[in-house]
Amino acid sequence: MSQQTKADYADDVDVDDNWDEHPSDEELEATVESLEASGFDVEVVADADAALEYVTDAIPAGASVMNGHSTTLEEIGFAEHLDEGDHDWENLAADIWSIDDDEERDAARRASQTADYFLGSVNGIAREEGTLVAADLSGSRVGAYPFAAGNLLLVAGVNKVVEDVETARERLHEYAWAFENERAQEAYGVESAAAKELIYRQEGTEGRTTIVLVEETFGY
């Protein structure tokens, strides 16, 4: 599948750019503390190269790997690495898109939610509560997040950090979804919707979910 970045359709989206402001050092530190208190592991990295290095090092050889659609994963180079890079993983995405039959492909997509390692991103990170907010149309991305995936690696720019859950939801609906709707129309010829929204408040399994926070602007 072709890769897209935010820049490919940013000129067609009318939004408030303040939603991409970065937290202060103190706010970022507070965010990390809140996320860890909610049971998430957190790794703060400087840039795309560091983020890509972290997630690729975290996935062991032989693991089954699936990624939900994420502009952030495309921007840091993970989507390309999964498809074309030098690794010893089982690429479930490639397996899925090689299936011609629609019913068989849908079944494989559902099964891929239980990948050993599932990667994606979020649309908002609530600093005060240590909570993640994300949504998609079909649920093929957020469906893996709460339980199905064995291990979850979520990569997000610090531009996703906001004060609280309600502000994170505002960011999702007023900012992120404007971009996703434009992307969906260009990629698939249909409008999108935040039909299945996840408010991920706590991770109860130690070591299962890692948030990789990148100290730059990524995704939406």
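Coordinates for the structure precede this section.
Here we summarise the structure given alongside this text.

Rules behind the numbers
Residues numbered from 1 in each chain as written. Predicted model: local features only at pLDDT ≥ 70, side-chain atom pairs only at ≥ 80, totals over all residues. Heavy atoms only, no water. Helix = DSSP H or I, 4+ residues; strand = E, 2+ residues; numbered from the N terminus. Contact = heavy atoms within 4.5 Å. Core = buried A, V, L, I, M, F, W, Y, C linked by side-chain atoms within 4.5 Å. Buried < 20%, exposed > 50% of the residue type's maximum accessible area, 1.4 Å probe, protein only. 1 Å grid on protein atoms, 1.4 Å probe; cavity = no way out; pocket = protein on both sides within 12 Å on 5 of 7 lines; lining within 4 Å. Points joined across faces, edges and corners; volume = space filled by probe spheres on them. Nonpolar A, V, L, I, M, F, W, Y, C, P; charged D, E, K, R; others polar. Salt bridge = Lys/Arg side-chain N within 4 Å of Asp/Glu carboxyl O. Expected span 1.5 Å × (residues − 1). Arc of directions from axis to C-beta.

## Observations concerning the side chain of Lys-160
No. 1: Assignment of secondary structure puts Lys-160 in the loop between β7 (151-157) and β8 (161-162).
No. 2: Dropping the residues within four chain positions of it, Lys-160 is found in contact with Thr-72, Ser-121, Val-122, Asn-123, Gly-124, Ile-125, Arg-171, Phe-218, Gly-219 and Tyr-220.

## Concerning the nonpolar core
No. 1: Counting residues in hydrophobic clusters, the biggest one holds 28 residues, and the most contacted among them are Leu-35, Val-122, Ile-125, Leu-132, Tyr-145 and Leu-213.
No. 2: Aside from chain neighbours lying at most four places away, what touches Ile-125 is Thr-31, Leu-35, Thr-131, Leu-132, Ala-156, Lys-160, Val-161, Val-162, Ala-168 and Leu-213.
No. 3: Residues Val-65, Ile-76, Leu-82 and Phe-218 belong to the second largest nonpolar core, which totals 19 residues.

## Looking at the layout of surface pockets
No. 1: A volume near 160 Å³ is recorded for the second largest pocket.
No. 2: Contributing to the lining of the second largest pocket are Asn-18, Trp-19, Glu-21, His-22, Pro-23, Glu-27, Arg-127, Asn-159, Val-161, Val-162, Glu-163 and Thr-167.
No. 3: Here the lining of the second largest pocket is composed, by residue class, of four nonpolar, four polar and four charged.

## A look at the pattern of salt bridges
No. 1: Enumeration according to the criterion identifies five salt bridges in this entry.
No. 2: Note that Asp-20 is salt-bridged to Arg-171, the shortest N-O span being 2.9 Å. Residue Asp-20 is located in the segment before α1 (25-37), and its partner Arg-171 is located in helix α7 (residues 165-188); the two are separated by 151 residues in the primary sequence.
No. 3: Judged by its relative accessible area of 14%, Asp-20 is buried.
No. 4: According to the relative accessible area criterion, Arg-171 is buried, its value standing at 0%.
No. 5: A salt bridge links Arg-169 to Glu-166; the nearest nitrogen and oxygen atoms lie 3.8 Å apart. One end of the pair is Arg-169 and the other is Glu-166, both in helix α7 and three residues apart, which spans about a single turn.
No. 6: On the basis of relative accessibility, which here comes to 27%, the residue Arg-169 falls in the partly exposed class.
No. 7: Taking relative accessible area as the criterion, Glu-166 reaches 48% and is therefore assigned partly exposed.
No. 8: It is possible to trace a salt-bridge network through shared partners that takes in Glu-166, Arg-169 and Glu-197.

## Considerations on α1
No. 1: Compared with an ideal rise of 1.5 Å per residue, which puts 13 residues at 18 Å, α1 spans 18 Å between its outermost C-alpha atoms and is within 8% of the ideal.
No. 2: Of all the residues in α1, the buried ones are Leu-28, Thr-31, Val-32, Ser-34 and Leu-35. What you see down the axis of α1 is that its buried residues fit within an arc of 165°, all on one side. Facing away from the buried surface of α1 by more than 90 degrees, the exposed residues are Asp-25, Glu-26, Glu-29 and Ala-37.
No. 3: Tucked into the core, α1 has its buried residues touching β1 (41-45), β5 (124-126), β6 (131-136), β8 and β10 (209-214).
No. 4: Residue Gly-39 follows α1 closely and has a positive phi angle near 95°.

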